[in-house]
Amino acid sequence: MPSPTVSEFEAHRSHLMAVAFRMLGNRSEAEDAVQEAWLRFAGADDIRDVRGWLTTVTGRICLDQLTSARVRRTSYPGEWLPVFAVDPDADPALTAERSDQVGIALLVILERLTPEQRVAFVLHDAFGVPFEEVATVLDTTPAAARQHASRGRKAAAEGGIRHSAGAAEQRRVLTAFLVAAQSGDVRTLAAVLAPDVVAISDGGGVVRAALRPIHGADKVGRFFHGLLSRRMDEVLDLTVEPVLVEGDPGMLVRGRWPDGTRVLTVLTAAVENGRITGLFVQQNPEKVLLGDLG
């Protein structure tokens, strides 16, 4: 076939971004991976299946990045959460869906997998890539690729963070939780927190945050009651506004401490059957992208 063209590549860009973002959990890193795929595509010839070729190459690039990131994250201070891309809240019916939008809960679950499990799970389960092609990405056999995907699927299912709620329910439950936590309403907290709920905070060593996940409705409720009823009382010019975090309803907290230090916290939740199963609090300012919020 003739040499690859920009238009041929652009026809598959959104698909490649979806693949890369699910694998990497970071939009800028996903964009870098797709750009690298373009450079390799531009220098290739005799490509019969452009989409398949690009998907495979993007998968290999992401696998290399995941392996490198896994080494870096072993020295990360405290818990690690993905970058939170924050946009103004809006009527979900009026919000354009992005093909690479997957939600924080899924990204947190995927982070528990090994690089090989994540690549196999994403390529096969999310995008229907045959195991023969997944094996090419992983440089292994189809049987081994199938096993990686199976183990990834099992690890994701056993993670305890379950999310099936729509945006309206997710917003309602999260709001009810924040009000109850601030007031210390034990009855409401018990109604909106799943017994096995887990709360994860990421301060990145920059901001004080819980260094380990907090498990159980009682501990999570008490922790956030203390945070919202006492600690937040110290914040000056405090604002709390509803936002979208990778398409999921969330809350953006901004203000400043008495010493002038900036407060920037974003919270979102996984919800199933009217109860929160996972609370995700991004406090690392380097991992909050404010979109149009400024």
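Here the structure is a predicted model, which is why all the values come from computation and not from measurement.

1. Some thoughts on the sheet that holds strand β1 (residues 84-88)
Here's step 1: Within the open sheet, the eight strands sit side by side as β3-β2-β7-β6-β5-β4-β1-β8. Their pairing is mixed. Either end of the sheet is taken by a strand with one partner, and the two such strands are β3 (214-215) and β8 (288-289).
Here's step 2: Alignment of strand β2 (residues 193-202) against β3, held across two bridges, turns out to be antiparallel. Considered in β3, the bridge of Val 198 is made with His 215.
Here's step 3: Sheet strands in contact with helix α11 (residues 217-229) are β2, β3, β6 (262-272) and β7 (275-282), and its direction is about 50° off that of β2.

2. Points about the packing of helix α2 (residues 13-24) against helix α3 (residues 27-42)
Here's step 1: Contact geometry of α2 with α3 gives a least axis separation of 8 Å together with a crossing angle of 130°. Between α2 and α3, the angle falls in the class oblique. Judged by the twist between their axes, the crossing of α2 over α3 is right-handed. Two secondary-structure elements touch here, α2 through Arg 13, Leu 16, Met 17, Ala 20, Phe 21 and Leu 24 and α3 through Arg 27, Glu 29, Ala 30, Glu 31, Ala 33, Val 34 and Gln 35.
Here's step 2: Its residues assigned to classes, the contact of α2 with α3 shows eight nonpolar, one polar and four charged.

3. Remarks on the pattern of salt bridges
Here's step 1: In the structure shown here, the tally under the stated rule is eleven salt bridges.
Here's step 2: With a closest N to O distance of 3.1 Å, Glu 36 and Arg 40 form a salt bridge. Highlighted residues: Glu 36 and Arg 40, both in helix α3, separated by four residues, approximately one helical turn.
Here's step 3: Given the relative accessible area of 30%, Glu 36 is considered partly exposed.
Here's step 4: Arg 118 is the salt-bridge partner of Glu 111, the closest N and O atoms lying 2.9 Å from each other.
Here's step 5: If you follow the salt bridges from partner to partner, you end up with Arg 162, Asp 196 and Glu 272 in one network.

4. A few points about the packing of aromatic side chains
Here's step 1: Overall, the coordinates contain six aromatic pairs when judged by the stated rule.
Here's step 2: Seen in terms of ring centroids, Phe 177 and Phe 224 are 5.4 Å apart; in terms of plane orientation they differ by 75°. Their pairing is edge-to-face. With a gap of 47 residues between them, Phe 177 in helix α9 (residues 167-183) and Phe 224 in helix α11 connect regions that are remote in the sequence.
Here's step 3: Assessed through its relative accessible area of 0%, Phe 177 is described here as buried.
Here's step 4: Here the aromatic residues Phe 9, Trp 38, Phe 41 and Trp 53 are joined through ring pairs into a cluster of three or more.
Here's step 5: Positioned over the ring face of Phe 21 is Arg 27, at 4.4 Å from the centre of the ring.

5. Some points on the nonpolar core
Here's step 1: Counting residues in hydrophobic clusters, the biggest one holds 59 residues, and the most contacted among them are Met 23, Phe 84, Val 119, Leu 123, Val 134, Ile 161 and Phe 280.
Here's step 2: In this structure, Ala 199, Ile 214, Val 220 and Leu 279 belong to the second largest nonpolar core, which totals 29 residues.

6. Quick word on the confidence of the model for the protein chain
Here's step 1: Here the protein chain shows a mean pLDDT of 87. Residues at 70 or above account for 93%.
Here's step 2: This stretch, residues 93-100, has a pLDDT under 50; its non-local contacts, to residues over four places away or in other chains, come to 13 contacts.

7. So, the pairing of β6
Here's step 1: In terms of burial, β6 is a largely internal element, nine of the eleven residues being buried.
Here's step 2: Strand direction decides the pairing type here: strand β5 (residues 248-256) and β6, joined by seven bridges, are antiparallel. Bridging across to β6, Gly 250 finds its partner in Thr 268.
Here's step 3: The turn joining β5 and β6, which pair antiparallel and follow one another in sequence, is formed by five residues; a positive phi near 95° is taken by Gly 260.

8. Details of α3
Here's step 1: The first and last C-alpha atoms of α3 sit 22 Å apart over 16 residues, in line with the 22 Å expected at 1.5 Å per residue.
Here's step 2: Looking at α3, one finds that the buried residues are Arg 27, Ala 30, Ala 33, Val 34, Ala 37, Trp 38 and Phe 41. Taken down its axis, α3 places every buried residue within 145° of arc, on the same side.

9. Looking at helix α6 (residues 115-127)
Here's step 1: The terminal C-alpha atoms of α6 lie 17 Å apart, and with 13 residues this matches the ideal 18 Å at 1.5 Å per residue to within 8%.
Here's step 2: Positive phi appears at Gly 128, one or two residues downstream of α6, with a value of about 65°.

10. Quick look at the pairing of β7
Here's step 1: Among the eight residues that make up β7, seven are buried, leaving the element largely enclosed by the rest of the structure.
Here's step 2: In this structure, the hairpin formed by β6 and β7 is closed by a connection of two residues, where Asn 273 is found at a positive phi of approximately 55°.

Scoring rules and cut-offs
- Residues numbered from 1 in each chain as written.
- Predicted model: local features only at pLDDT ≥ 70, side-chain atom pairs only at ≥ 80, totals over all residues.
- Heavy atoms only, no water.
- Pairing = 2+ DSSP bridges.
- Helix = DSSP H or I, 4+ residues; strand = E, 2+ residues; numbered from the N terminus.
- Contact = heavy atoms within 4.5 Å.
- Axes fitted to C-alpha atoms, helices over the stretch in contact; angles between N-to-C directions.
- Parallel < 35°, antiparallel > 145°, perpendicular 65-115°, else oblique.
- Left-handed = near helix turned anticlockwise from the far one by under 90°.
- Nonpolar A, V, L, I, M, F, W, Y, C, P; charged D, E, K, R; others polar.
- Salt bridge = Lys/Arg side-chain N within 4 Å of Asp/Glu carboxyl O.
- Buried < 20%, exposed > 50% of the residue type's maximum accessible area, 1.4 Å probe, protein only.
- Phe/Tyr/Trp six-rings, centres within 6.5 Å; stacked < 30°, edge-to-face > 60°.
- Lys NZ or Arg CZ within 6 Å of the ring centre and 35° of its normal.
- Core = buried A, V, L, I, M, F, W, Y, C linked by side-chain atoms within 4.5 Å.
- pLDDT = per-residue confidence, 0-100.
- Expected span 1.5 Å × (residues − 1).
- Arc of directions from axis to C-beta.

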